[in-house]
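Take a look at the letters that make up each chain.
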Amino acid sequence: MSEQEEIPTLQTYSETEKHRVFEKEFMPHIDSMYNFAFRLTNDEDDANDLVQDTYLKAFRFINSFEEGTNAKAWLFRILKNSFINDFRKKSKEPSKVDYQDVETTYNSEEDAETTQTVDLRAETVQDLIGDEIANALNSLPVDFRTVIILCDIEGFTYEEMAKILDIPIGTVRSRLHRARMLLKEKLKSYAKNLGYDVNADTLAEN
């Protein structure tokens, strides 16, 4: 079933309503926004600039937001687009990964459980210290890093991630699977350096 792009219905907020919606719906997410921005940029100043830019755009386009809907996902999408369009151009991030080969394998609407990916909250990170996880996560290409942040840290659903990233749900699943496997390999290396048995069940492939 082909998906059609949803055309948002423009709201007609008064100036007072705009400020009320901004304070009520957007401001509670500012900490999550900063954490997301920092994990994308790896720089405090850039993260602050990115969050500020996102909130300026959110207010500018507030009539595109329907009060009571998912404000966090709406803001994350603006931040992600701002990062790609503005900050990524001048960053030292490597070029975008070509996912064409990966995505063609995951176009079905099969249940996500069939991929048997590792839930980072449950298995891979067990017994490993936070700094090592952060270093491993930051070393991933930004597209893989983003899906892990959105799913395993921020708790977005596949459907929400698909909207934030402007990609099909099947692509979300395949990208997340690849990202988790890449991170798992990096964590194995860190674990080995810390003296853990990388062949133990915690870090085993399956």
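Here, the structure is the one placed above.
Residues numbered from 1 in each chain as written. Predicted model: local features only at pLDDT ≥ 70, side-chain atom pairs only at ≥ 80, totals over all residues. Heavy atoms only, no water.

A separate point is the packing of aromatic side chains. Scanning the model with the defined rule gives nine aromatic pairs in all. For the pair phenylalanine 22 and tyrosine 55, a centre-to-centre distance of 5.7 Å together with 75° between the ring planes defines the contact as edge-to-face. Of this pair, phenylalanine 22 sits in helix H1 (residues 15-26) while tyrosine 55 sits in helix H3 (residues 44-60), and the two are 33 residues apart along the sequence. In textbook terms, an aromatic cluster arises when at least three aromatic residues are bridged by ring pairs, as seen for Phe22, Phe26, Tyr55, Phe59, Phe65 and Trp74. Seen from the ring of phenylalanine 156, lysine 72 lies directly overhead, with NZ or CZ sitting 5.3 Å from the centre. A cation sits over an aromatic face here: arginine 173 above tyrosine 158, 5.8 Å from the ring centre. (Phe/Tyr/Trp six-rings, centres within 6.5 Å; stacked < 30°, edge-to-face > 60°. Helix = DSSP H or I, 4+ residues; strand = E, 2+ residues; numbered from the N terminus. Lys NZ or Arg CZ within 6 Å of the ring centre and 35° of its normal.)

This part is about the environment of leucine 137. With respect to the helices, strands and loops of the structure, leucine 137 is situated in helix H6 (residues 130-138). As for leucine 137 and leucine 183, which are separated by 46 residues in sequence, their C-alpha atoms are 6.5 Å apart.

As a further point, take helix H8 (residues 158-165). Among all positions of H8, only Met161, Ala162, Ile164 and Leu165 are buried. What you see down the axis of H8 is that its buried residues fit within an arc of 165°, all on one side. Count one or two residues on from H8 and you reach aspartate 166, which has phi positive near 60°. (Buried < 20%, exposed > 50% of the residue type's maximum accessible area, 1.4 Å probe, protein only. Arc of directions from axis to C-beta.)

This part is about unusual backbone geometry. Unusually for a residue other than glycine, asparagine 42 sits at a positive phi of about 60°. Within the secondary structure, asparagine 42 sits in the loop between helix H2 (30-41) and H3. Given the relative accessible area of 34%, asparagine 42 is considered partly exposed. The backbone phi angle of aspartate 166 is positive, close to 60°, even though this residue is not glycine. Relative to the elements of secondary structure, aspartate 166 occurs in the loop between H8 and helix H9 (169-193).

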